[in-house]
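# Survey of secondary and tertiary structure
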Amino acid sequence: MRKEKMLLYSTYLKHRFGGRVHKISVDAGFGCPNRANGRDGHGCIFCDSSGSAAVGIARQVSIRQQLEQAKALMQRKYRAKWFIAYFQPYSNTFAPLAQLRRCYDQALKVDKVVGLAVGTRPDCVDDGVLDLLAEYHRRTYLWLELGLQSSHDRTLAYLGRGHDYACFLDAYQRAKTRGLRVCVHLIIGLPGESRDDILQTAREMAGLGVDGIKLHLLHVLRGTPLGDRYLAGEINTLAREEYVQLAVDVIECLPPHTLIQRLTGDGPRELLLAPLWSLNKWEVLNAIGAELERRGTRQGSHFPGTKSRTCDL
Ligand code: SF4
């Protein structure tokens, strides 16, 4: 992939820390306010029972053990030097502050862990949580990751997200007031969304000047309400070329300083109903790079202003 066309997080981290930095997904046992009893019930229609957990997460062991196990593997396989503990599945601010603090501290005590990423929902970050995160922001390299998926309320309602765009904006502004780095998750290919809808969301994020962004391809997983609708023939998924075109359209809209933390996604192979082409992640990434090259554009090509701002995250 032609990395110079985009500000990729992996490249940025390597420069910032002077060596390869890998994120390790950690399951701290938190639930999600959008699911009955935290974990049991269905929440967002695309979310499986693992709370959208990363593939290969070792959830039965302690936070320290999860990190140590993944660390050993990544050091061997990728010669990774430093690590960021990524509190990833479910909502990682959905617990009393003392419990959150214990979990984050456990991760930071692990040798070579240089930072934290905390994934959560916009309606799960009250001022107490944000004050706590601001404290960690001052002592380590911290990212708050907010799941938004779309800026369109009708889509958020269809997805069963349980919050609207105004809720996201409120959480985002309160996080930025505290100086937090914020990465926003978006999904491309949501049912009922046109190219214009997707670009409108991208322009909203560009207007906010978000620090980081993760672009996810919509995955349809077996055992989810979305999976049932797919099997009933009610929804379609994107073809690979459609996704590549849309992802590049979004990238062109983003400000040059926004760190791109993800360009596609990998659903669990055994649960994935569609699109199956997404299993070949490298083909997707290469196709995005090639399309930018073909168009002669880059991240920020269609973003007016802030061209002089550099990444200072
Ligand atoms: S907020 Fe996250 S964990 Fe909760 S139901 Fe939605 S996708 Fe799943």
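Just above sits the structure.
Numbers given to residues run from 1 along each chain, matching the order in which its sequence is written. Only residues with pLDDT of 70 or above have their local features reported here, since the model is predicted, and side-chain atom pairs are shown and tallied only from 80 upward, although totals for entire chains, interfaces and linings are computed over all residues. Hydrogens and waters are ignored; side-chain quantities use all the structure's heavy atoms.

### Some remarks on the pairing of strand 5 (residues 181-188)
For a regular strand, the rule is simple: side chains alternate between the two faces of the sheet. Buried residues are those whose accessible area, probed at 1.4 Å on protein chains only, stays under 20% of the maximum for their type, while exposed residues exceed 50% and partly exposed ones sit between those limits. What counts as a helix is a DSSP run of H or I of at least four residues, what counts as a strand is a run of E of at least two, and both are numbered from the N terminus. Burial of strand 5 is extensive: eight of the eight residues sit out of reach of the surface. Judged by which residues are buried, strand 5 turns out to be covered on both faces: Arg 181, Cys 183, His 185 and Ile 187 on one side and Val 182, Val 184, Leu 186 and Ile 188 on the other are all buried. What makes two strands pair is DSSP finding at least two bridges between them. Bridge count between strand 5 and strand 6 (residues 212-217): six bridges; the pairing is parallel. Across the sheet, residue Ile 187 finds its bridge partner in strand 6, namely His 216.

### Quick notes on the side chain of Thr 140
Of note, Thr 140 is situated in the loop between helix 4 (127-139) and strand 4 (141-149). A relative accessible area of 14% places Thr 140 in the buried class. Within the structure, the side chain of Thr 140 is placed 3.2 Å from the backbone oxygen of Val 114, a separation counted as a polar contact. When sequence neighbours within four positions are dropped, the list of residues in contact with Thr 140 reads Leu 108, Val 114, Gly 115 and Leu 116. Distance and chemistry together define a polar contact, namely a pair of N or O atoms within 3.5 Å, with one atom able to donate a hydrogen and the other to accept it when in protein, and with adjacent residues in sequence counting only for side-chain atoms on both sides. Here, residues are in contact when the closest pair of their heavy atoms is within 4.5 Å.

### Examining the pairing of strand 2 (residues 82-87)
The element strand 2 is largely enclosed, with a buried count of five among its six residues. When strand 1 (residues 21-26) meets strand 2, the two strands line up parallel, connected through six bridges. Within strand 2, the residue paired with His 22 across the bridge is Phe 83. Look down the strands so they point away from you; if the path from the first strand over the helix to the second goes clockwise, the crossover is right-handed. As for the winding sense of the linkage, the β-α-β connection from strand 1 through helix 2 (residues 63-78) to strand 2 is right-handed. Read from strand 2 through helix 3 (residues 97-108) to strand 3 (residues 113-120), the crossover connection turns out right-handed.

### Structural notes on the sheet that holds strand 2
Ordered in space as 1-2-3-4-5-6-8, the seven strands form an open sheet in which the pairing is parallel. Single-partner strands in this sheet number two, and they are strand 1 and strand 8 (259-262). In this sheet, neighbouring strand axes are inclined to one another by 25° on average, regardless of whether the strands run parallel or antiparallel. Relative to strand 3, strand 2 is paired through five bridges, and the arrangement is parallel. The axes are straight lines fitted to the C-alpha atoms, using for helices just the contacting stretch, and the angles between their N-to-C directions are given from 0 to 180°.

### Remarks on the environment of Tyr 9
Residue placement: Tyr 9 occurs in helix 1 (residues 9-17). Along the sequence, Tyr 9 and Gly 212 sit 203 residues apart, while their C-alpha atoms lie 8.3 Å from each other. Contacts of Tyr 9, omitting those with residues within four sequence positions, involve Lys 23, Ile 84, Tyr 141, Trp 143, Leu 259, Ile 260 and Gln 261.

### Examining the nonpolar core
In this description, a nonpolar core means a group of buried Ala, Val, Leu, Ile, Met, Phe, Trp, Tyr and Cys residues linked to one another through side-chain atoms lying within 4.5 Å. The biggest cluster of nonpolar side chains holds 70 residues, and the ones touching the most others in it are Phe 87 and Ile 288. Element by element, the count of residues in this core is highest for helix 9 (residues 240-253), at eight residues. Beyond its immediate sequence surroundings of up to four residues, Phe 87 is in contact with Val 26, Ala 28, Phe 30, Ile 63, Asn 92, Cys 103, Tyr 104, Ala 107, Leu 116, Ala 117, Val 118 and Gly 119. Ranked by size, the runner-up nonpolar core spans twelve residues in total, among them Cys 44, Val 220, Ile 235 and Leu 273.

### Focus on the packing of helix 6 (residues 165-177) against helix 7 (residues 195-208)
Across the interface, helix 6 lies against helix 7 with an axial gap of 13 Å and an inter-helix angle of 20°. Taken together, helix 6 and helix 7 sit at an angle that is classed as roughly parallel. In this structure, helix 6 meets helix 7 at a crossing whose hand is right-handed. Contacts between helix 6 and helix 7 involve Tyr 165, Phe 168, Leu 169, Tyr 172 and Gln 173 from the former and Glu 204, Met 205 and Leu 208 from the latter. Its residues placed into classes, the contact of helix 6 with helix 7 shows six nonpolar, one polar and one charged. Here roughly perpendicular refers to angles of 65 to 115 degrees, roughly parallel to angles under 35, roughly antiparallel to angles over 145, and oblique to all remaining angles. By the definition used in this description, the sense in which the near helix is turned from the far one sets the handedness, with an anticlockwise turn below a right angle giving left-handed and a clockwise turn giving right-handed. For this classification, the nonpolar set comprises Ala, Val, Leu, Ile, Met, Phe, Trp, Tyr, Cys and Pro, the charged set comprises Asp, Glu, Lys and Arg, and every other residue, Gly included, is treated as polar.

Geometric values such as these leave the question of function open.
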